[in-house]
Amino acid sequence: MSMNSTDNYRVKVTNIVEVAPTIKEFTLVAQNGELTPFSPGAHVVVTMKGENGDGQLKQWKNAYSLLSDPRDTSAYKIAVRLQPQSRGGSVFMHSQVSEGDELEITPPANLFAPNWRAKKHLLIAGGVGITPFMSYLPELERMGASYELHYAFRGLQTGAYKTELIEQLGEQVHCYDADAGDRLLLAELLKSQPRGTHVYICGPELLIDGVRQNAALLGYPDSLIHFEEFAAPQPGSPFTVTLESSGAEVQVSSEESLLEALEANGVEVPNLCRGGVCGQCVTKVLDGDVEHRDAFLDEREQDTCIMPCVSRAKSKTLVLGL
Ligand code: FES
């Protein structure tokens, strides 16, 4: 599903709060039309226009989970973790966005919805990976669903919302602060769940892999395991792509993704997650070597396709079927 710009919402940032030492929460209110309700786990893509570290104008588009109540259409909330080593979107949100500023967001899309047939929902969050679960919780409560939230973080950096969660949800919430020496023992946690429990994980790759491996060893079928990985595009060497239809060349700098470079040159490619998981941006490669960084293409598809939201060229040039 491609979004054209008229589908997008213009929103005003009405409130910015530091919810953990490295995480800021932004409240977004519609400037044109109404915000829609969304399903738990949904995200929006935020377009940010500003200056990068070299004073050049730049545009970023990052996906952020919505963390407000899915039925509250008065405002959306997102939380952004500052990642100074990444390509600048989070730095922009932390240092250049102020209350009263306008941003553009896509309508919500969901790649991480709960399965309502689950006997029990086991939510496992790492750091800023708490955000999609913030929209699960009001809905799980309303449905009277059986659930537990296990939330691992580093109290000196992350740990947003832990106090409110414990206050509001009591013993359904279990917090593990690594900076205080707490450990989340995955095998024991997974072993003690009733049959038919669905497991949802959002957080760093290491946590997701740890849960998946332990669940596999314990015989959980794959269909019960759901995960969302924020694979923000990583920088790499610059390269050039040639577009088959027009012969036009597009330069991709080390700091931008191929998808961003195409968009900056007026080439629209469908996209939803901008993190290498949804499959929407799949693009044919006619020549050149690709460094695949996505979690979508299988080995056979890797011979002929690239996911431009995260993957880059290994060779100096690529020819794309665009
Ligand atoms: S936009 Fe989802 S895989 Fe590229």
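Reading the values: the criteria
- Residues numbered from 1 in each chain as written.
- Predicted model: local features only at pLDDT ≥ 70, side-chain atom pairs only at ≥ 80, totals over all residues.
- Heavy atoms only, no water.
- 1 Å grid on protein atoms, 1.4 Å probe; cavity = no way out; pocket = protein on both sides within 12 Å on 5 of 7 lines; lining within 4 Å.
- Points joined across faces, edges and corners; volume = space filled by probe spheres on them.
- Helix = DSSP H or I, 4+ residues; strand = E, 2+ residues; numbered from the N terminus.
- Nonpolar A, V, L, I, M, F, W, Y, C, P; charged D, E, K, R; others polar.
- Core = buried A, V, L, I, M, F, W, Y, C linked by side-chain atoms within 4.5 Å.
- Buried < 20%, exposed > 50% of the residue type's maximum accessible area, 1.4 Å probe, protein only.
- Domains from an automatic or database assignment.
- Pairing = 2+ DSSP bridges.
- Right-handed = clockwise from strand over helix to strand, strands pointing away.
- Axes fitted to C-alpha atoms, helices over the stretch in contact; angles between N-to-C directions.
- Contact = heavy atoms within 4.5 Å.

Asker: Tell me about the layout of surface pockets, and please be specific about residues and values.
Answerer: Estimates place the volume of the second largest pocket at around 600 Å³. If you go around the second largest pocket, you meet 23 residues; those closest to its centre are Gly-126, Gly-127, Gly-203, Pro-204 and Leu-207. If you list the elements that add at least two residues to the lining of the second largest pocket, you get β9 (147-153) and α5 (205-217). Ranked by the residues each element gives to the lining of the second largest pocket, the list is headed by α5, at three residues. A class-by-class count of the residues in the lining of the second largest pocket yields twelve nonpolar, six polar and five charged.

Asker: How would you summarise the nonpolar core if you had to cite specific residues and measurements?
Answerer: In terms of nonpolar packing, the biggest core is built from 27 residues, with Phe-133, Leu-149 and Leu-165 touching the most fellow members. Elements supplying a minimum of two residues to this core: β8 (120-126), α2 (131-143), β9, α3 (162-169) and β11 (197-202). When residues of this core are assigned to domains, at least three fall in each of domain 1 (9-110) and domain 2 (120-228). If you look at the next biggest cluster of nonpolar residues, it comprises 23 residues, including Leu-262, Val-269, Leu-297 and Ile-306.

Asker: So, the pairing of β11: which residues are in play, and what are the values?
Answerer: Judged by how many residues are buried, β11 sits mostly within the fold: six of six residues are covered. Alternating residues of β11 divide into Thr-197, Val-199 and Ile-201 and His-198, Tyr-200 and Cys-202, and every residue in both groups is buried. As paired strands, β8 and β11 are joined by six bridges and run parallel to one another. Across the sheet, the residue bridging to His-121 is His-198, located in β11. Where β11 lies against strand β12 (residues 225-228), four bridges are found, and the strand directions are parallel. Within the sheet, the bridge partner assigned to Val-199 lies in β12 and is Ile-225. Following the backbone out of β11, through α5 and into the adjacent parallel β12, one traces a crossover that is right-handed.

Asker: Break down the sheet that holds β11 for me, with residues and values.
Answerer: Sheets are built from strands that pair by backbone hydrogen bonding, the pairs being arranged parallel or antiparallel. Pairing within the open sheet is parallel, and its five strands lie in the order β10-β9-β8-β11-β12. Of all strands in the sheet, those with a lone pairing partner are β10 (173-177) and β12, marking the two edges. Strand-to-strand twist in this sheet, taken as the mean axis angle between neighbours without regard to direction, amounts to 15 degrees. The pairing of β8 with β9 spans six bridges and is classified as parallel. Counted as the bridge partner of Leu-123 is Leu-149 from β9. Most of the contacts of α5 go to β11, to which it runs at about 155 degrees, and overall it touches β8, β11 and β12.

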